[in-house]
Amino acid sequence: MKQLPSATFPLLSLAFSAFSASVVAQEISVEGAFQPAPTETESEVSLIYPRPRLLELSMTMPRLSPAENRRIADRRIGGKLRIGIHRAIPNHMSGNLANRLSWRSYSNGIVSYMRVASPGASSIRFSAKLELPANSQIVFYQIEDDGTAKVIHSVSTNTKPRVEDLHWSPDAFGDTIGVEIRLKRREDIANLHLELLNVAHRYAPFGLDDNLAPALTCSNHLDAQCGLDDGSIDEVTSKSTLLLAFEESGGSYVCTGVLMNVEDGEDVFIPYVLTAGHCISTDDSASSVVGYWSYQSSTCGGSATSSDLTAILGGAELLATTVSPDMTLLQLRARAPTGSFLSGWTTIEVGSGLTAFSAHHADGGHQKYYSGTTENDVTLEACDDEDDCFTIFNAVPISIEVGASEGGTSGSGVRLYLAGSTESVLVGTHAASNEECEDNVGYFSQFRYFYPHIETWFDPDGPVTPPIPLDDHGDTKDEATAVDSGSSTQGTIGSSDDVDYFMIQVPEEGLIAAYTTGSLDTVGRLHNEDGSIDVSDDDAGTGSNFSLDVVVPAGTYYIEVEGFDGATGDYVLHVVFEALDDHGDSAGTATYVSSSSRSWTYSTPGAIEVSNDVDVFELELFLDSVVTVFTEGDTDTSGSVQDFSGFEYMSSDDESENNSNFRMSGSLLKGRYYIHVEGNIDESSEEDSVYELKIEVEPN
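Residues numbered from 1 in each chain as written. Predicted model: local features only at pLDDT ≥ 70, side-chain atom pairs only at ≥ 80, totals over all residues. Heavy atoms only, no water.

Trainee: Sorry, what's going on with the overall build of the protein here?
Mentor: A count of helical and extended segments in the protein gives five helices and 49 strands. With 700 residues in all, the protein has 53% of them scored as buried. Here the contacts in the protein between residues at least 6 apart in sequence split such that 74% fall between residues at least 24 apart. Put simply, the protein shows about 29,700 Å² of open surface, and 46% of that area lies on carbon and sulfur atoms. (Helix = DSSP H or I, 4+ residues; strand = E, 2+ residues; numbered from the N terminus. Buried < 20%, exposed > 50% of the residue type's maximum accessible area, 1.4 Å probe, protein only. Contact = heavy atoms within 4.5 Å. Areas by Shrake-Rupley, 256 points an atom, 1.4 Å probe, with all protein chains shown as cover.)

Here you go:
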């Protein structure tokens, strides 16, 4: 997560804050504790058939499409670090696979195998709808270089079945993951449901492979092992730090997290993990978490990974998350690894001139560390590489003097030494940086402002202080929170005079729909800078929520939200912009095309209004068919046929040297497809570039 460059977005420039929270935690300090050894050791699991290749139901994903390759090339390095993309399951492998598996008997029941591959992936996992009958087991394995199968994780049921609408497999290193399913009786197949949802294709190296070096931008990072050797950081700092890998919004990401110490009773250690709110903020993302503990070099400056490295599988529960402070509290479903430290923490206010430091996983690689000097706290607008921005109040800058921070550092614990103590304590989590290497400045959210939100877990026997929200969105146009079309933004009206401002920039004429949901009685207003557009509403939405639909020209617009007659409470602001376009620009807004006839043709006019306009048509085939798609007219067009995930089946630019219309033809299986039409236009002309789209369908 980067600091927003004020030269680019002056309305969201970094500003020093005079704000102070209404309620913060009393000053509490808790020292760390060593994690005791587990009382029980899990028995090692081996495959029933050590070489199951001939028994497997095999699914190999198609080659990466041009759209997928563009996503990979457009690597995001700010905030949570993207390391992979999600790929849609091909039609022929959709639905419940239970009856497509081949079953064999063994001494305790029946067993079957499945293999999923995404060629070229550095690691792979998949999500699935999973229903396991009682007394069954699912075992995941990866394929080693010598072709043997190595078990990486297993899940068992006892007397009760296991039902999950979203189950994430563990990570398998390489481009293939295997699954072994063991059932007690052949009749149990009727109670098994295994439906693949998508495949996570990891393209960036991280994790257990010493031969894959991370692609760090900065060259002045320092190995955590070096810091341990020379005393720059203590063992608590390193051994409480985790690399967190997780899934979100169609991609795989990594951030850093910290194991936290909580007084839960004698020899009771609940694996609470603190990380950044902009990293993990949903139940689905939390459930996909894999933690990597002691992922660091075995020697200072070495490339080999420590033999203590442990993968913590099974996901996590999301307990609490806030935008400001930028923090999330998770509870791992598995216990903390043997040898780990549970970090001490304090709720003191962090002033300027203190030495602070952090262990972190920049670029998802071996653990690094940085240290520097704190400065006075500020109100910070932070943005990721996709320019999704939010406000962090009371963020503390650190002028980093040793080491550096970059993508993947987010969520790492920022620490310091209390007077008279030889053990460091956590005071916050890394939220953003200015993305410089030599003059690196990091910003962290203070733990003292998050504690009231999690007191019920950290001090269950103490008084629970209802957290009073910070002013999450600015009260003026200059402090407005930037939002995009399709966004849903949580907000709180904390006092009778609180007004939340939001800003949206629209590139062309279209319809802005802005409305709130929730129990708060809201009043909304949409206006532009010069006041030529100024529209308000009270109760046009559901319940007592406002709802506005306004046709506007291109420009910058502001949305104000306040409580009716001084009301306070929470709400969610939804903003949607739709260009005045003849055909939608995405699969979700595509123009629908189909026919029940065996042979049919379709024709429709279209127009490319602006240079980035894409007209999308949803084509539904009820039979396997030969499909020919082309355009006619004076506009220079190009076209492609894709599925919903962006996998490309056909594409064409020019029909011939003398004809700039596209033409493409090919065989397609019955199903749903999306035709994308683009064009080269003269934007200086006041006229749209028109074309006629033709579709001809003949059954195979």
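Trainee: Help me out: how do you make sense of the sheet that holds strand 43 (residues 615-621) in this one?
Mentor: Strand pairing in a sheet is mediated by backbone hydrogen bonds. Such pairs are either parallel or antiparallel. Strand order in the open sheet formed by five strands is 41-43-48-45-46, with mixed pairing between adjacent strands. Each of the sheet's edge strands pairs with one partner strand only, and the pair in question is strand 41 (591-594) and strand 46 (648-652). Sheet twist, expressed as the mean angle between neighbouring strand axes with direction ignored, is 20°. Both strand 45 (residues 636-642) and strand 48 (residues 671-680) contribute to a ladder of seven bridges, which runs antiparallel. Note on strand 48: the bridge partner recorded for Gly-639 is Val-677. (Pairing = 2+ DSSP bridges. Axes fitted to C-alpha atoms, helices over the stretch in contact; angles between N-to-C directions.)

Trainee: In this structure, what is going on with helix 5 (residues 447-458)? I would like to understand it.
Mentor: Since the α-helix advances by 3.6 residues per turn, residues separated by three or four positions end up pointing in the same direction. Between its first and last C-alpha, helix 5 extends only 12 Å over twelve residues, short of the 16 Å set by a 1.5 Å rise per residue. Counting buried positions over the twelve residues of helix 5 gives nine, a clear majority of the element. Along helix 5, the positions that sit buried rather than exposed are Phe-447, Arg-448, Tyr-449, Phe-450, Tyr-451, Pro-452, Ile-454, Glu-455 and Phe-458. (Expected span 1.5 Å × (residues − 1).)

Trainee: Even after reading the chapter, I still don't get the environment of Ser-532, so can you show me in this structure?
Mentor: The residue Ser-532 is located in the loop between strand 36 (522-528) and strand 37 (534-537) in this model. On the basis of relative accessible area, Ser-532 is assigned to the exposed category, the value being 56%. In terms of polar contacts, Ser-532 uses its side chain to reach the side chain of Asn-528, at 2.8 Å. A distance of 2.7 Å separates polar atoms of two side chains, one belonging to Ser-532 and the other to Asp-530. (Polar contact = N/O pair within 3.5 Å; in protein donor to acceptor, adjacent residues only side chain to side chain.)

Trainee: Just to check I follow, could you spell out a negative patch on the surface for this structure?
Mentor: On the surface, a cluster of negative charge is contributed by Glu-435, Glu-436, Glu-438 and Asp-439. Take Glu-435: it is sitting in the loop between strand 30 (424-433) and strand 31 (441-446). (Patch = residues over 30% accessible without salt bridge, like charges linked within 9 Å, V, L, I, M, F, W, Y side chains within 5 Å. Salt bridge = Lys/Arg side-chain N within 4 Å of Asp/Glu carboxyl O. Lys, Arg positive; Asp, Glu negative; His and termini not counted. Charge placed at Lys NZ, Arg CZ, Asp CG, Glu CD.)

Trainee: Before we go on, may I ask you to explain the packing of aromatic side chains in this structure?
Mentor: Aromatic ring pairs are described here by two measures, namely the spacing of the ring centres and the angle between the planes. Overall, the coordinates contain 15 aromatic pairs when judged by the stated rule. Aromatic pair Phe-644 and Tyr-674: ring centres 5.9 Å apart, planes at 65°, arrangement edge-to-face. Of the two residues, Phe-644 sits in the loop between strand 45 and strand 46 while Tyr-674 sits in strand 48, which places them 30 residues apart along the sequence. Residue classification places Phe-644 among the exposed positions, given a relative accessible area of 62%. Within the aromatic cluster, the residues linked to one another by ring pairs are Tyr-272, Trp-345, Phe-447, Tyr-451 and Phe-458. Positioned above the aromatic ring of Tyr-449 is the side chain of Arg-448, whose terminal nitrogen or guanidinium carbon lies 5.3 Å from the ring centre. Arg-663 extends its terminal NZ or CZ atom over the ring of Phe-630, reaching a point 4.1 Å from the ring centre. (Phe/Tyr/Trp six-rings, centres within 6.5 Å; stacked < 30°, edge-to-face > 60°. Lys NZ or Arg CZ within 6 Å of the ring centre and 35° of its normal.)

Trainee: Would you mind going over a nonpolar patch on the surface with me for this structure?
Mentor: Among the surface-exposed residues, Tyr-592, Phe-622 and Leu-623 lie close enough to one another that they form a single nonpolar patch of about 290 Å² accessible area. A relative accessible area of 46% means that Phe-622 is categorised as partly exposed.

Trainee: Can you help me understand the pairing of strand 39 (residues 555-563) in this one?
Mentor: Put simply, side chains in a regular strand alternate between the two faces of the sheet. Here seven bridges tie strand 34 (residues 500-506) to strand 39, and the two strands are oriented antiparallel to one another. Considered in strand 39, the bridge of Tyr-501 is made with Glu-560. The pairing of strand 36 with strand 39 spans seven bridges and is classified as antiparallel. Looking at the pairing, Thr-522 lines up with Gly-563 of strand 39.

Trainee: Hey, could you run me through the sheet that holds strand 42 (residues 600-608) in this one?
Mentor: Spatially, four strands are ordered 42-49-44-47 in an open sheet, and the strand pairing comes out antiparallel. In this open sheet, the two strands that pair with only one neighbour each are strand 42 and strand 47 (663-668). Sheet twist, expressed as the mean angle between neighbouring strand axes with direction ignored, is 15°. The pairing of strand 44 (residues 625-632) with strand 47 spans six bridges and is antiparallel. Within strand 47, the position partnered with Val-626 by the bridge is Ser-667.

Trainee: Just to check I follow, could you spell out the pattern of salt bridges for this structure?
Mentor: Between side chains of opposite charge, a pair can form when the charged atoms approach closely. For the structure on display, the rule yields 20 salt bridges. Linking Arg-162 and Glu-164 is a salt bridge whose minimum nitrogen-to-oxygen distance equals 2.7 Å. Its relative accessible area of 16% is what places Glu-164 among the buried residues. The structure contains a network of salt bridges with shared partners spanning Arg-125, Asp-171, Arg-202 and Glu-247.

Trainee: Hey, could you run me through the state of the cysteines in this one?
Mentor: Two cysteines, two sulfur atoms, one covalent bond between them: this is a disulfide. For the coordinates displayed, the defined rule picks out three disulfides. In this model Cys-218 forms its disulfide with Cys-437; the gap between the sulfur atoms is 2.0 Å. Looking down the S-S bond of the Cys-218 and Cys-437 bridge, the torsion is -80°, so its handedness is left-handed. In this pair, Cys-218 sits in the loop between strand 14 (193-202) and strand 15 (222-223) while Cys-437 sits in the loop between strand 30 and strand 31, placing the two residues 219 residues apart along the sequence. (Disulfide = S-S within 2.5 Å.)

Trainee: Is there a simple way to explain the nonpolar core in this structure?
Mentor: Nonpolar side chains in soluble globular proteins generally cluster together in the buried interior. By size, the foremost hydrophobic cluster in this structure holds 30 residues, and its most contacted members are Met-114, Val-116, Phe-126, Ile-181 and Leu-196. Taken together, the elements giving at least two residues each to this core come down to strand 4 (56-60), strand 7 (109-117), strand 8 (123-132), strand 9 (137-143), strand 13 (176-183) and strand 14. Broken down by element, the residue count for this core peaks at five residues, all from strand 8. If near-sequence neighbours (up to four positions away) are discounted, Val-116 is found in contact with Met-59, Ile-124, Phe-126, Asp-175, Thr-176, Ile-177, Leu-196 and Val-199. (Core = buried A, V, L, I, M, F, W, Y, C linked by side-chain atoms within 4.5 Å.)

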